[in-house]
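Residues per chain are reported as follows:
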Amino acid sequence: MAIQGPIPISIDLLFPHGCYVVGEIGKAKDFDAKGDAQARDKTTGLPIWQAPVMDADPSLKAAAKTVTVKLLAEIEPTMPPSLPGLPFTPVEFDGIEVRPYVNQSTGRLAYSITARAMRAPHPVAGSKQSSAGKEAAA
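Residues numbered from 1 in each chain as written. Predicted model: local features only at pLDDT ≥ 70, side-chain atom pairs only at ≥ 80, totals over all residues. Heavy atoms only, no water.

A. Main features of the overall build of the chain. Along its length, the chain carries two helices and nine strands. Of the regular secondary structure in the chain, the N- to C-terminal order runs β-α-β-β-β-β-β-β-β-β-α. Counting all 138 residues of the chain, 28% fall into the buried class. Of all intrachain contacts in the chain linking residues separated by at least 6 positions in sequence, the fraction that spans at least 24 positions is 57%. As displayed, the chain has an accessible area near 9,400 Å², and 57% of this comes from carbon and sulfur atoms. (Helix = DSSP H or I, 4+ residues; strand = E, 2+ residues; numbered from the N terminus. Buried < 20%, exposed > 50% of the residue type's maximum accessible area, 1.4 Å probe, protein only. Contact = heavy atoms within 4.5 Å. Areas by Shrake-Rupley, 256 points an atom, 1.4 Å probe, with all protein chains shown as cover.)

What follows is the structure, encoded as structure tokens:
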């Protein structure tokens, strides 16, 4: 099989309706180490940070809306600026990979999501934000 290890995926496939950070970014705990050691990625050796993210897909049940995205970065990632009038910060991720695993408590297939970077979303062509930018440039 051609796929060995994590599966690369685009933000558009993973979160086609967009996503929002809904809490604080924090260190991922290394459960194999003693104390409060931060987890490190086994492949890159980079520290792992985690962010709670809400999927904006309206068809998802409430229990499936929030996932944890693990960010691989030497220093703690910072959230992009929040937008006025929104309770949560919209984000996009770069360098996304998913790792399938079997959830031991449910026996069901689950996915661990890892990304290399977090940023503000790019404006969508034809959106009010995009057309306002074009008018301002004219």
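B. Inspection of the side chain of Ser-112 at higher detail. Tracing the sequence through the fold places Ser-112 in strand S8 (residues 109-115). Assessed through its relative accessible area of 14%, Ser-112 is described here as buried. Setting aside anything within four residues of it in sequence, one finds Ser-112 in contact with Lys-70, Glu-97, Val-98, Arg-99 and Tyr-101.

C. Here's a closer look at the pattern of salt bridges. Summed over the entire model, instances satisfying the criterion amount to four salt bridges. Arg-99 is paired through a salt bridge with Asp-41; the nearest N and O atoms lie 3.8 Å apart. Of this pair, Arg-99 sits in strand S7 (residues 97-102) while Asp-41 sits in the loop between strand S3 (26-27) and strand S4 (48-55), placing them 58 residues apart in sequence. Taking relative accessible area as the criterion, Asp-41 reaches 10% and is therefore assigned buried. (Salt bridge = Lys/Arg side-chain N within 4 Å of Asp/Glu carboxyl O.)

D. Focus on the nonpolar core. Core analysis: the largest hydrophobic core is formed by 19 residues, its most contacted members being Val-53, Leu-71, Phe-93, Ile-96 and Met-118. When residues of this core are assigned to their parent elements, the largest contribution, three residues, is made by S4. With residues up to four places along the chain from it excluded, the contact list for Leu-71 reads Pro-47, Ile-48, Trp-49, Ala-51, Pro-77, Phe-93, Ala-115, Ala-117 and Met-118. (Core = buried A, V, L, I, M, F, W, Y, C linked by side-chain atoms within 4.5 Å.)

E. Looking closely at the pairing of strand S5 (residues 66-72). Pairing between S4 and S5: seven bridges, direction antiparallel. Paired with Ala-51 across the two strands is Val-69, which belongs to S5. Strand direction decides the pairing type here: S5 and S8, joined by three bridges, are parallel. The residue of S8 that forms the bridge with Val-69 is Ile-113. (Pairing = 2+ DSSP bridges.)

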